[in-house]
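# Descriptive structure summary
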Amino acid sequence: YLNLGMSRRVLLIDLNSANIYGELDEGRESIDILMNLYRQAHAVQDSQLVILSLNNVAPEYRQLQLHDSSILVSMEALKYASSLRDTTHLINIHSNLSATFNAIGDTQRAIEEGRIARALLKIKTNKKKLSNVHINMAQSYALQNSYDTMKIYMDSALVLSKEIDSKFNEAELYTGYR
């Protein structure tokens, strides 16, 4: 048990390192660390770390426009999170899938994933994540030229962002429609 505890601490340090590389736009390094973390977490059967590593690598793949890989790791994380009934991770995974489907122009699937994340957020209130989901959905509706529905989600995201004083989310609203 002690070794597993030490191993978990080392794996969490790896996760932190990967996140630092991700923030520095060093996507490849971040992916390497996260996939190594995934393999190690899988080997010691730590489902939470498996989910964390996969859920963190999905946006990195998306950032590098490796959308198939992003979807693949998100679906794998979804299996683990579903089996654990981990609402927090399920929200993040569905939100990641929504953003990835948006990136490839599959707006219908992006909206479906956004609706799932939104429904889960009604169970577990997280205004920042809900704002992110609404931003993704607004982008999906914009791509479908459904501007009335897009505006509803944009306005909702803006209200939520102001409630939590998130300048990042407010900026995302205005830059997401290039």
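No experiment lies behind these values; they were computed from the predicted model shown.

Reading the values: the criteria
Residues numbered from 1 in each chain as written. Predicted model: local features only at pLDDT ≥ 70, side-chain atom pairs only at ≥ 80, totals over all residues. Heavy atoms only, no water. Helix = DSSP H or I, 4+ residues; strand = E, 2+ residues; numbered from the N terminus. Buried < 20%, exposed > 50% of the residue type's maximum accessible area, 1.4 Å probe, protein only. Lys, Arg positive; Asp, Glu negative; His and termini not counted. Salt bridge = Lys/Arg side-chain N within 4 Å of Asp/Glu carboxyl O. Contact = heavy atoms within 4.5 Å. Phe/Tyr/Trp six-rings, centres within 6.5 Å; stacked < 30°, edge-to-face > 60°.

## Some details on the side chain of Glu113
Along the chain, the position of Glu113 falls in helix H6 (residues 107-123). Arg109 is the oppositely charged side chain nearest to the buried, salt-bridge-free Glu113, at an N-O distance of 4.7 Å. In this structure Glu113 touches His94, Leu97, Ser98 and Phe101, once residues within four positions along its chain are discounted.

## Focus on the packing of aromatic side chains
Summed over the entire model, instances satisfying the criterion amount to one aromatic pair. Plain terms: the ring middles of Tyr141 and Tyr153 are 5.6 Å apart, the flat faces sit at 10 degrees to each other, and that makes the pair stacked. Remark: Tyr153 occurs in helix H8 (residues 147-163) and Tyr141 occurs in helix H7 (residues 127-143); sequence separation between them is twelve residues.

## Side note on the pattern of salt bridges
Scanning all chains against the criterion turns up two salt bridges. Taking the shortest distance from any N to any O, the salt bridge between Glu76 and Lys79 comes out at 3.5 Å. Taken together, the residues span about one helical turn, with Glu76 and Lys79 both in helix H4 (residues 67-84) at a distance of three residues. In this structure, Asp155 and Lys151 form a salt bridge, with 2.8 Å as the shortest nitrogen-oxygen distance.

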